[in-house]
Amino acid sequence: MKKIYLLIIILTSFTFETFSQKITNYSFVPSSSTFAALSGGTTLSLTAGNMDDGYYNNISIGFNFIYNSISYSAISISTNGFICLGQNFSSV
């Protein structure tokens, strides 16, 4: 009985196609231009903390972003890279 199960497992293992090895071809066209620095940006002040461990609260993103049926127009960002929609960070 064990031999039949083993044979079935071996035979079915060769029939499944794997999708992880598909080859995708991308085209790349290099271009060059001169560097143009951004101007007119807004410099933010930390809400609390320092540049190593601080955060910025209530930063307007300039448009309404709808996520999970909730509209957001501002974000909060920590200096460690965490971004939060709809809630301000606070010191713990």
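Since the structure is predicted, the reported quantities are computational estimates derived from the model, not experimental observations.

A. View of unusual backbone geometry. At asparagine 58, a position not held by glycine, the phi torsion is positive, near 55 degrees. Structurally, asparagine 58 can be placed in strand β1 (residues 55-67). A relative accessible area of 56% places asparagine 58 in the exposed class. In this structure, serine 69 is a non-glycine residue whose phi angle is positive, near 65 degrees. As for its position among the elements, serine 69 is in the loop between β1 and β2 (70-78).

B. Quick peek at the pairing of β1. Strand direction decides the pairing type here: β1 and β2, joined by 7 bridges, are antiparallel. Across the sheet, the residue bridging to isoleucine 66 is serine 71, located in β2. Counting the residues between successive antiparallel strands, the hairpin from β1 to β2 contains 2 residues, one of them, asparagine 68, with a positive phi of roughly 60 degrees.

C. Representation of the packing of aromatic side chains within the structure. Applying the stated criterion to the full structure yields 2 aromatic pairs. Their ring planes at 50 degrees and their centres at 5.8 Å tell us that phenylalanine 82 and phenylalanine 89 sit as a pair that is tilted. Since its relative accessible area comes to 18%, phenylalanine 89 is described here as buried. Site record: aromatic cluster; members linked through ring pairs are Tyr55, Phe82 and Phe89.

D. Focus on the sheet that holds strand β3 (residues 83-85). Within the open sheet, the 3 strands sit side by side as β1-β2-β3. Their pairing is antiparallel. The sheet is open, and its two edges are formed by β1 and β3, each paired on a single side. Ignoring strand direction, the axes of neighbouring strands in this sheet form an average angle of 25 degrees.

E. Representation of the side chain of asparagine 57 in the model. Its location among the elements puts asparagine 57 in strand β1. Of the polar contacts made by the side chain of asparagine 57, one reaches the backbone nitrogen of phenylalanine 89; its length is 2.8 Å. Setting aside residues up to four positions removed in sequence, asparagine 57 forms contacts with Thr47, Ile75, Ser76, Asn88 and Phe89.

F. Here's a closer look at the confidence of the model for the chain. Per-residue confidence for the chain gives a mean pLDDT of 81, with 87% of residues at or over 70. Mean pLDDT across the elements of the chain bottoms out in helix α1 (residues 2-13) (73) and peaks in β2 (91).

G. The arrangement of the side chain of serine 76 in detail. In this structure, serine 76 sits in strand β2. At 3.0 Å, the side chain of serine 76 and the backbone oxygen of glutamine 87 are in polar contact. Every residue in contact with serine 76, bar those within four places of it in the chain, is listed here: Tyr56, Asn57, Asn58, Phe82, Ile83, Cys84, Gln87, Asn88 and Phe89.

Criteria and thresholds
- Residues numbered from 1 in each chain as written.
- Predicted model: local features only at pLDDT ≥ 70, side-chain atom pairs only at ≥ 80, totals over all residues.
- Heavy atoms only, no water.
- Helix = DSSP H or I, 4+ residues; strand = E, 2+ residues; numbered from the N terminus.
- Buried < 20%, exposed > 50% of the residue type's maximum accessible area, 1.4 Å probe, protein only.
- Pairing = 2+ DSSP bridges.
- Phe/Tyr/Trp six-rings, centres within 6.5 Å; stacked < 30°, edge-to-face > 60°.
- Axes fitted to C-alpha atoms, helices over the stretch in contact; angles between N-to-C directions.
- Polar contact = N/O pair within 3.5 Å; in protein donor to acceptor, adjacent residues only side chain to side chain.
- Contact = heavy atoms within 4.5 Å.
- pLDDT = per-residue confidence, 0-100.

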